[in-house]
Amino acid sequence: MEAFEKPILVTRPYFPPLEDFKAELEKIWKNQFLTNNGPVLQEFQARLSEYLDIPKNRLDLFNNGTLALEVGLYALDLSGYEVITTPFTFVATAHAIKRIGAIPVFADIDPENLCLSPEACEKLITPKTRAIVPVHVYGHPCDVEGFEKLAKKYDLKIIYDAAHAFGVRLNGRSIADYGDMSMFSFHPTKLFHSCEGGLLAFADPELQANLERLRNFAILSETKCVDVGTNAKMNELQATMGNLCLNAVDRLIAYRRSIHETYERAFAGCSKIRMVSVTSANSSVKAATLVRNDAYCPVLFDDFETREKVYAELKKYNVFSRRYFYPLLTDFTPYLDGNATPIAKDAAARVLTLPTYDNLHLKDVRKIAEIIKTIVGE
Ligand code: T4K
């Protein structure tokens, strides 16, 4: 098979029509407001409230997902306590926990959907545990009922890292409506973006005033600062991009569904390639009540050697897949003394995320799948 003429990356950001962006810029020039809770940000927040089905007083925008999570965890007063999370995620999850002075503790994952396992978490709960940060990895929903039970039994906060889960719904509710808090990333590598950006959705509207203070240095007025806040504000240009992407998001999600189905069909019957399941038999989440977003296309191979071979050989065809999430966080310097998590270790060694984005043609998806089948000998 011929190599692709142009590089095929694991993802490409969605770009709205340039004319639309220019028209929105004119409004900003007229407003003479660039950041600090400007009118475009307020419009974006109102539209997200509607789209995500979360009241306006239960969400806030930030300049990226990492700082959104960090500010959210700080607001919940977790410093000095143990916070259980997954090692099978992007480093930002654990960095946010550690940077607010909490202690990340790593529990194992579900072997089917690769999300944090409530059973594995329960075994690691100690008197110092105050919260759990499960990750809806690849947009696959965690066992939300399992975590709700743990929260009640041990009086814990549940803060979902929902960086990948924009648009996902469960049992007729937005995924943002579960747990005490959920963080969404609007980075351009995500199916929905605002150049960079992040959103916190939270159950308790009383938190909003504090979150808004914390993202603006915790200053109350020209003469008053009440806490160690930070600068985590989304600006007007980000909000403009977010508004335009929101116009297209349903179409973007639907197209990713067709890419996912194309890979699925191509790999059906292949014993050496398995697409990672969105749900799990161990989880309360059932496919029938789930609106998925197909944010990523992760596949598992039989072993590390095969995954590494596919990852390297694909590059010769000009296809740049990614090993999200390898290595595990517990293989990175700040988290080396983490617990043993054999299921996560196995998944990290065998997983590969395949290209999926708006401008990727289905015929190219079929070709990528054929190349992979040739490499593994299927
Ligand atoms: N929690 C989780 C579970 C996360 O996955 C993330 C972020 C966070 C928290 C933190 O949220 P943010 O603070 O980022 O909002 C990327 C992203 O930088 C990161 O946002 C994302 N997760 C992570 C999974 O992936 P890299 O190092 O893989 O990105 P990079 O630059 O290699 O880009 C990936 C591909 O996309 C490349 O082939 C190039 C292409 N690309 C990228 C950008 C930015 C483009 O074509 N255009 C672009 O503008 O980390």
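Residues numbered from 1 in each chain as written. Predicted model: local features only at pLDDT ≥ 70, side-chain atom pairs only at ≥ 80, totals over all residues. Heavy atoms only, no water.

### Details of the overall build of the protein chain
What counts is decided by this rule: Runs of E in the DSSP output that reach at least two residues are strands. Runs of H or I that reach at least four are helices, and both are numbered from the N terminus. In this description the radius of gyration comes from C-alpha coordinates, and the expected globular size is given by 2.2 Å times residues to the power 0.38. Remark: exposure states derive from per-residue accessible area (1.4 Å probe, protein chains only) relative to the maximum for the residue type, with buried under 20%, exposed over 50%, and partly exposed in between. Residues are treated as being in contact if the distance between any of their heavy atoms lies within 4.5 Å. Where accessible areas are quoted, they stem from the Shrake-Rupley method and a 1.4 Å probe; at the residue level, only the protein chains shown are allowed to cover. Charge assignment: positive for Lys and Arg, negative for Asp and Glu; neither His nor the chain ends contribute. Charge coordinates come from a single atom per side chain, which is NZ of Lys, CZ of Arg, CG of Asp or CD of Glu.
Along its length, the protein chain carries eleven helices and 17 strands. Taking 21 Å as the expected radius of gyration for a compact globule of 378 residues, we find that the protein chain reaches 21 Å, a close match to that expectation. If you line up the protein chain on its principal axes, its C-alpha atoms span 70 × 55 × 40 Å. Among the 378 residues that make up the protein chain, the fraction classed as buried is 55%. Across the protein chain, every contact between residues at least 6 apart in sequence was considered, and the portion connecting residues at least 24 apart equals 73%. Of the roughly 16,600 Å² of accessible surface on the protein chain, 52% is carried by carbon and sulfur atoms. Here the protein chain contributes 44 positively and 48 negatively charged side chains, and the mean placements of these two sets differ by 2 Å.

### Considerations on the packing of aromatic side chains
What counts is decided by this rule: Stacked, tilted and edge-to-face pairs are distinguished by plane angle, under 30 degrees for stacked and over 60 for edge-to-face with tilted covering the rest, among Phe, Tyr and Trp rings (Trp via its six-membered ring) whose centres lie within 6.5 Å. For a ring to carry a charge above it, either NZ of a lysine or CZ of an arginine must fall within 6 Å of the ring centroid while also lying within 35 degrees of the normal to the ring plane.
Under the counting rule described, the total for this entry stands at 17 aromatic pairs. Seen in terms of ring centroids, Y138 and Y296 are 5.8 Å apart; in terms of plane orientation they differ by 55°. Their pairing is tilted. Here the residue Y138 occupies a position in the loop between β5 (129-133) and α6 (144-154), and Y296 occupies one in the loop between β14 (290-291) and β15 (297-301), the gap between them amounting to 158 residues. Neither Y138 nor Y296 differs from the other in exposure class; each is buried. When the centroid spacing of 4.9 Å and the interplanar angle of 85° are considered together, the rings of F186 and F192 count as edge-to-face. Given the relative accessible area of 0%, F186 is considered buried. Between the NZ or CZ atom of R130 and the centre of the ring of Y81, over which it lies, the distance is 3.8 Å. In this arrangement the basic side chain of K367 is found over the ring face of F4, its NZ or CZ atom lying 4.4 Å from the centre.

### As for the sheet that holds strand β7 (residues 169-170)
Heads up, the rule is: Strand pairing follows a simple DSSP-based rule, namely that at least 2 bridges must link the two strands.
Spatial strand order, β8-β7-β14: three strands in an open sheet with antiparallel pairing. The open sheet has two edge strands, β8 (173-174) and β14, and neither has a second partner. Of the strand pairs in this sheet, β7 and β8 are connected by two bridges, and their pairing is antiparallel. Residue pairing in the sheet places R169 in a bridge with S174 of β8.

### A few points about the nonpolar core
Counted only if it meets this: Think of a nonpolar core as a cluster: buried Ala, Val, Leu, Ile, Met, Phe, Trp, Tyr and Cys residues, connected wherever their side-chain atoms sit within 4.5 Å.
By size, the foremost hydrophobic cluster in this structure holds 73 residues, and its most contacted members are F88, F186 and F192. For this core, the leading source of residues is helix α8 (residues 236-267), giving nine residues. Setting aside anything within four residues of it in sequence, one finds F192 in contact with F44, L48, F166, S185, F186, H187, G242, C245, L246 and V249. Among the nonpolar cores identified, the runner-up in size contains 28 residues, and L354, L360, I371 and I375 belong to it.

### Points about the pattern of salt bridges
Keep this limit in mind: Throughout this description, the term salt bridge denotes a Lys or Arg side-chain nitrogen within 4 Å of a carboxyl oxygen of Asp or Glu.
The final tally for this structure, using the stated rule, is 19 salt bridges. The salt bridge partner of R323 is E308, with a shortest N-O separation of 3.1 Å. Remark: E308 occurs in helix α9 (residues 304-316) and R323 occurs in the loop between β16 (319-320) and α10 (342-350); sequence separation between them is 15 residues. Overall, E308 belongs to the partly exposed group, its relative accessible area being 22%. With a shortest N-O distance of 3.7 Å, K363 and D364 are connected by a salt bridge. The structure contains a network of salt bridges with shared partners spanning R257, E261, R292 and D294.

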